[in-house]
Amino acid sequence: MSGQESMRIFFRIVGVACLFLFVGLSFHVLDLQSLFMQMRSLLHRPILLALLVGLYGASFLLKTYAWRLYLHEKITLREGLYGLLYSLLVNHLSPLKIGDAVRIAAVTKRGRVSWAEAAQSVIVMRLLDLLILGLFGAFGTLLLFQQLSVRVLLFVLGSVLMLIIALFLRHKAPSFLQKQLQQLSSALQGGRGAAIVLLVAVSWIFEAFVIFGISSNVSFWEAVWVNSVTIAGQVFQLTPGGVGTYETVMTFALRAVGVPVQKAYEWALLSHGFKFLFSYGAGLLVFLIYPIQLASYLRYKKKGETNEWRK
């Protein structure tokens with residue numbers, strides 16, 4: 001068995017384990033009456049909901065602007081945002097994370113950016129996302145937890161996760177990954193690079209407002225840490241939108257900052273439900289405004305499988 005196959009099996013095992021944990025959590029702590037009360041309370045706060053929609057939407061605007069800077073303004077903000085929202089929608093419809101295919105098709109529709117350039121930029125921006133989420137998770141672990149044993153445990157778990165991801169990528173496409181890391185290093189130099197990093201970092205902070213607004217006794221920086229850990233855990237996604245994986249990781253992250261398990265589970269469900277509704281609403285709107293052809297997606301898949309990941 002090759003190293004690549006071993007890593008794929010490992011990722012699937014962890015993903016299945018998260019799904020089993022989610023089922024176990026649901027069986028033991030799900031209280032529909034309590035969940036509906038939490039949902040009703042949230043629906044009775046329309047100003048908060050509007051604010052969360054605005055802040056969550058703003059996180060994608062910031063990511064779009066960073067992406068546009070990386071591409072040296074070859075795409076418009078509108079095209080980049082449409083691509084990101086398409087990606088969000090597809091990733092919440094498919095068990096496979098294939099949204100980036102549609103994201104690339106969206107920004108290459110006008111012909112100002114080549115397929116290869118768009119694909120390379122998406123990969124580099126994904127690597128930057130993982131890097132920033134990893135840093136948020138590591139620094140949050142050191143700053144938020146006073147008990148040394150908890151710090152060490154969480155830090156070790158996070159380090160092991162990052163190592164596993166790095167090994168997986170290295171086995172999957174060592175030369176390709178090395179090329180993308182070099183591109184990332186080059187892109188982060190100078191004022192433009194600093195702006196890209198800052199925009200992406202702030203975008204993830206904005207996304208943390210979702211769990212911060214839904215929860216009642218979690219500090220903002222705890223919410224940033226919980227969100228970072230949860231999103232990083234989506235590398236083990238096996239279902240559309242990461243259902244099960246998202247809730248499991250967020251529940252345990254919230255438990256780590258002292259939230260009772262039932263509240264943690266309910267807040268994880270509500271925050272993920274919010275993101276699902278946002279992805280469907282925004283994705284449908286973009287589809288109506290800026291439709292793309294399925295042929296573009298199929299062309300991406302063919303090129304991606306034959307030209308990139310086999311280098």
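Before any of the text, the structure's been laid out above.
Below: a short report on this structure. (Residues numbered from 1 in each chain as written. Predicted model: local features only at pLDDT ≥ 70, side-chain atom pairs only at ≥ 80, totals over all residues. Heavy atoms only, no water.)

1. Things to note about the side chain of Thr248
Stated precisely, the cut-off is as follows: Counting from the N terminus, the helices are DSSP H or I runs at least four residues long and the strands are E runs at least two residues long. Two N or O atoms form a polar contact when they lie within 3.5 Å of each other; inside protein one atom must be a possible hydrogen donor and the other a possible acceptor, and for residues adjacent in sequence the pair counts only when both atoms belong to side chains.
For Thr248, the position within the fold is in helix α12 (residues 245–256). Among the polar contacts listed, one links the side chain of Thr248 to the backbone nitrogen of Phe22, at a separation of 3.4 Å.

2. Considerations on the nonpolar core
This is how the line gets drawn: What makes a nonpolar core is a set of buried Ala, Val, Leu, Ile, Met, Phe, Trp, Tyr and Cys residues whose side-chain atoms join them at distances within 4.5 Å. Each residue is assigned to one of three classes by its accessible area relative to the maximum for its type, calculated with a 1.4 Å probe on protein chains only: buried under 20%, partly exposed between the two thresholds, exposed over 50%. Here, residues are in contact when the closest pair of their heavy atoms is within 4.5 Å.
Ranked by internal contacts, the top residues of the largest apolar core, which has 64 residues, are Phe60, Trp67, Leu85, Met125 and Leu254. A per-element tally of this core places helix α3 (residues 46–70) first, with 10 residues. If we ignore the near neighbours within four places in the chain, the residues touching Leu85 are Phe60, Phe278, Ala282, Gly283 and Val286.

3. Some points on the environment of Glu117
Summarising the element assignment, Glu117 is placed in helix α6 (residues 115–144). In the structure, Glu117 is positioned 13 residues away from Ile104 in sequence and 9.3 Å away in space, judged by C-alpha atoms. Residue contacts for Glu117: discarding those within four places in its chain leaves Leu71 and Lys74. Side chain to side chain, Glu117 and Lys74 meet in a polar contact 2.9 Å long.

4. Brief notes about the packing of aromatic side chains
Worth spelling out the cut-off: For Phe, Tyr and Trp, rings pair up if their centres lie within 6.5 Å, where Trp contributes its six-membered ring, and each pair is then called stacked (planes under 30 degrees apart), edge-to-face (over 60) or tilted (otherwise). By definition, being over a ring means that NZ of Lys or CZ of Arg is both within 6 Å of the ring centre and within 35 degrees of the ring normal.
All chains considered together, the criterion is met by 11 aromatic pairs. Between Tyr56 and Phe60, the aromatic rings sit 5.1 Å apart at their centres with planes inclined by 80°, giving edge-to-face as the arrangement. Taken as a pair, Tyr56 and Phe60 lie in helix α3 at a separation of 4 residues, close to a single helical turn. For Tyr56, a relative accessible area of 3% corresponds to the buried category. Ring plane angle 80° and centroid distance 6.2 Å describe the contact between Phe206 and Phe209, whose orientation is recorded as edge-to-face. Judged by relative accessible area, which is 25%, Phe206 ranks as partly exposed. One aromatic cluster in this structure is built from Phe206, Phe209, Phe212, Phe220 and Trp221. Cation over ring: Lys63 sits above Phe60, and NZ or CZ is 5.6 Å from the ring centre. Sitting over the face of the ring of Trp67, Arg103 holds its NZ or CZ atom 4.2 Å from the ring centroid.

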